[in-house]
Amino acid sequence: MKKVLLSTFLFTLFSQVSFAQNQTTVVTIKNNADAPTINKNIYGHFAEHLGRSIYGGFFVGDTSKIPNTKGVRNDIVKALKELKIPNLRWPGGCFADTYHWKDGIGPQQERPTIVNQWWGGVTEDNSFGTHDFLNMCELLGAEPYLSGNVGSGTVQELADWVQYTNFSGKSPMSDLRKKNGRTEPWKVKFWGIGNEAWGCGGNMTAEYYANEYRKYATFMSDWENTGGITRIASGSNSADYNWTEVLMKNIPINMLGGVGVHHYAVIDWAKKGDGVNFTEDGYFHTMQSALKMEELVTKHSAIMDKYDPEKKVAMIVDEWGAWYEVEKGTNPGFLYQQNTMRDAVLAGATLNIFNNHADRVRMANLAQCVNVLQAVILTDKAKMITTPTYHVMKMYSVHQDAKLLPIDFQSPLYTFNGESLPAVSASASKDKSGLVHISLVNVDAKNKNKIEIDVKDLGVKGFTGTIITSAKLQDYNSFDAPNKIVPTVFKGFENKKGKLEITIPPFSVVVLEGK
Ligand code: AHR
């Protein structure tokens, strides 16, 4: 009996391996008029008062020798504008539920300090506050997404913040804003009502939080009755489907602009593994955790569909990305990690999932933008580098606000030690000018994959391609070799009478452009 089981197992294993190596994956792209638009906000970012994200990252102060505009680094602004950053979430994260926004306005020298209890116990001097953040978003051309304090704040405090930033008429908060040097309101659209209410945001039950949400949302009007703000509920921890169910059931749809979901790709919370020195085992299990996003989005969507069949409420994956052990020698509370080809593959595959679920997923925020977790930018004093994840986000920015072209295919398997994952990930879109973009990821660490796509009906004549890959999965951009991993021209495809035959190398991300 044992023998039979073993030979069946070996047969399955070997057939899957050869499946991955020899098979051509046929991808069908549908030019479907009813398909949704991929909301540009899926390509959003996140900046928390955590480690060197704000201080030493974005913000160096206006007396710094590092070129800056009102204290914000010019090199970071330039890099993020090139990325077409659509929105930026701030000030947390866990920090948000300890943050009192009035501490961060008015003359710098009069601002009180607080202790950042979640992240390293460092003293926060509040020198980067509401004006600094919202003015920075204007520089970036990004929509601000403010996370309000529910855990340790008050309803009045959050309602006041909305009045301070958004009200153009005469009111106590708009007068205060004007006194602090800003006449016109910023008109902030996206407002989070707390963060991780099930954890650092107050350890609440879903039922308790749903009631709190209703109370906060009632008083968080946009003060001008134009319906101009989107209120976003603190969402579930990964696969906590009950959380989404309780929120959708108990909060009236007209009070709910979006429901969050947080999911980090982690091998094991007790043993997260190194960001650079990892084996194929570490890679496989990081990808296994990352690709769980497909199931999460599908199942949370199904729950939302029950209560909101017209899909009025957006799913907002406002924290996602890889989480490893901090880089050796750095403050464990600062969550600084390097970013390798593994992260590039993870980003490409996750963004394909979001694109393909654009009917419900309308915003997402990679955690985090600068110097924290899966960062797109790393800084070391005056030096700044962009990571492989940055390059993937930039390659994929072509999908922002483009119409989704739904795809259909059976992925071959990437098999490792008897476990398997889908090896190929893909999404496609057509933008307003008629350009078609197809993004493909080969997750397989060892084998190339052959893909065939019929492009006859897509209304384009020819294709060009861009690829990001490297010699080793563990390769990364360092301050000494900042351009080790950059996108290059991809020529691994042929257009045979309207059939694209593509060979995509192991652990690589490709974007094809058809015009
Ligand atoms: O991104 C780091 C932390 O992860 C955030 O502060 C928190 O919301 C999440 O647990």
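- Within an unreviewed UniProt entry, the label attached to the chain reads non-reducing end alpha-L-arabinofuranosidase, and the organism entered is Flavobacterium bizetiae.
- Reading the Sequence similarities (unreviewed entry) entry of the UniProt record for the chain gives the comment "Belongs to the glycosyl hydrolase 51 family."
- Quoted verbatim from the Subunit (unreviewed entry) field of the UniProt record, the comment on the chain reads "Homohexamer; trimer of dimers."

## Let's talk about the confidence of the model for the chain
Phase 1 of the analysis: In the predicted model, the chain carries a mean pLDDT of 94, and the fraction of residues at 70 or more is 95%.
Phase 2 of the analysis: The model gives residues 1-20 a pLDDT under 50, and that stretch makes 16 contacts with residues more than four places away or in other chains.

## Quick look at the layout of surface pockets
Phase 1 of the analysis: Size it by volume and the largest pocket reaches roughly 450 Å³.
Phase 2 of the analysis: E294, N356, F409, V424 and A426 are, among the 19 residues lining the largest pocket, the residues nearest its centre.
Phase 3 of the analysis: Those elements giving two or more residues to the lining of the largest pocket turn out to be helix 8 (280-307), helix 9 (341-356), strand 19 (419-422) and strand 20 (424-430).
Phase 4 of the analysis: If one sorts the elements of the lining of the largest pocket by residue count, helix 9 sits on top with 4 residues.
Phase 5 of the analysis: Taken together, the residues that form the lining of the largest pocket break down as 12 nonpolar, 5 polar and 2 charged.
Phase 6 of the analysis: Residue-level mapping places the lining of the largest pocket at the junction of two domains, with at least three residues from each of domain 1 (23-34 + 406-514) and domain 2 (40-400).

## Regarding the pattern of salt bridges
Phase 1 of the analysis: The tally for this structure, following the rule as stated, stands at 22 salt bridges.
Phase 2 of the analysis: A salt bridge links K102 to D160, with the shortest nitrogen-to-oxygen separation between them at 3.1 Å. You can see K102 sitting in the loop between strand 5 (87-90) and strand 6 (114-115) and its partner D160 sitting in helix 4 (residues 155-166), a full 58 residues away along the chain.
Phase 3 of the analysis: For K102, a relative accessible area of 38% puts it in the partly exposed group.
Phase 4 of the analysis: Its relative accessible area of 10% is what places D160 among the buried residues.

## What about the UniProt feature "domain: Alpha-L-arabinofuranosidase C-terminal" (unreviewed entry) in the chain?
Phase 1 of the analysis: Per the UniProt entry, the sites bearing "domain: Alpha-L-arabinofuranosidase C-terminal" (unreviewed entry) are residues 318-508 in this numbering.
Phase 2 of the analysis: Its end C-alpha atoms 25 Å apart, residues 318-508 is made of 13% helix and 37% strand.

## Digging into the site of the ligand
Phase 1 of the analysis: For the ligand, the set of nearby residues contains 13 residues, the closest of which are E48, C94, E196, Y264 and E319.
Phase 2 of the analysis: Here an oxygen atom of the ligand and a side-chain polar atom of E319 are 2.7 Å apart.
Phase 3 of the analysis: Contacts to the ligand include Q368, whose side-chain N or O atom sits 3.0 Å from an oxygen atom.
Phase 4 of the analysis: For the ligand, the accessible surface in isolation is 290 Å², of which the surrounding protein chains cover 93%.
Phase 5 of the analysis: More than half of the atoms belonging to the ligand lie within 2 Å of the grid points that define the second largest pocket.
Phase 6 of the analysis: Along the lines of polarity and charge, the residues of the shell around the ligand split into 7 nonpolar, 3 polar and 3 charged.

## Some thoughts on helix 7 (residues 241-250)
Phase 1 of the analysis: Taken residue by residue, helix 7 has Y241, W243, T244, V246, L247 and M248 as its buried positions.
Phase 2 of the analysis: Next to the buried residues of helix 7 lie helix 6 (206-219), strand 10 (230-237), strand 11 (258-265) and helix 8.

About the cut-offs
- Residues numbered from 1 in each chain as written.
- Predicted model: local features only at pLDDT ≥ 70, side-chain atom pairs only at ≥ 80, totals over all residues.
- Heavy atoms only, no water.
- UniProt positions renumbered as here; feature names shortened; annotations may be inferred.
- pLDDT = per-residue confidence, 0-100.
- Contact = heavy atoms within 4.5 Å.
- 1 Å grid on protein atoms, 1.4 Å probe; cavity = no way out; pocket = protein on both sides within 12 Å on 5 of 7 lines; lining within 4 Å.
- Points joined across faces, edges and corners; volume = space filled by probe spheres on them.
- Helix = DSSP H or I, 4+ residues; strand = E, 2+ residues; numbered from the N terminus.
- Nonpolar A, V, L, I, M, F, W, Y, C, P; charged D, E, K, R; others polar.
- Domains from an automatic or database assignment.
- Salt bridge = Lys/Arg side-chain N within 4 Å of Asp/Glu carboxyl O.
- Buried < 20%, exposed > 50% of the residue type's maximum accessible area, 1.4 Å probe, protein only.
- Near = heavy atom within 4 Å.
- Polar contact = N/O pair within 3.5 Å; in protein donor to acceptor, adjacent residues only side chain to side chain.
- Areas by Shrake-Rupley, 256 points an atom, 1.4 Å probe, with all protein chains shown as cover.
- Sits in = over half its atoms within 2 Å of the grid points.

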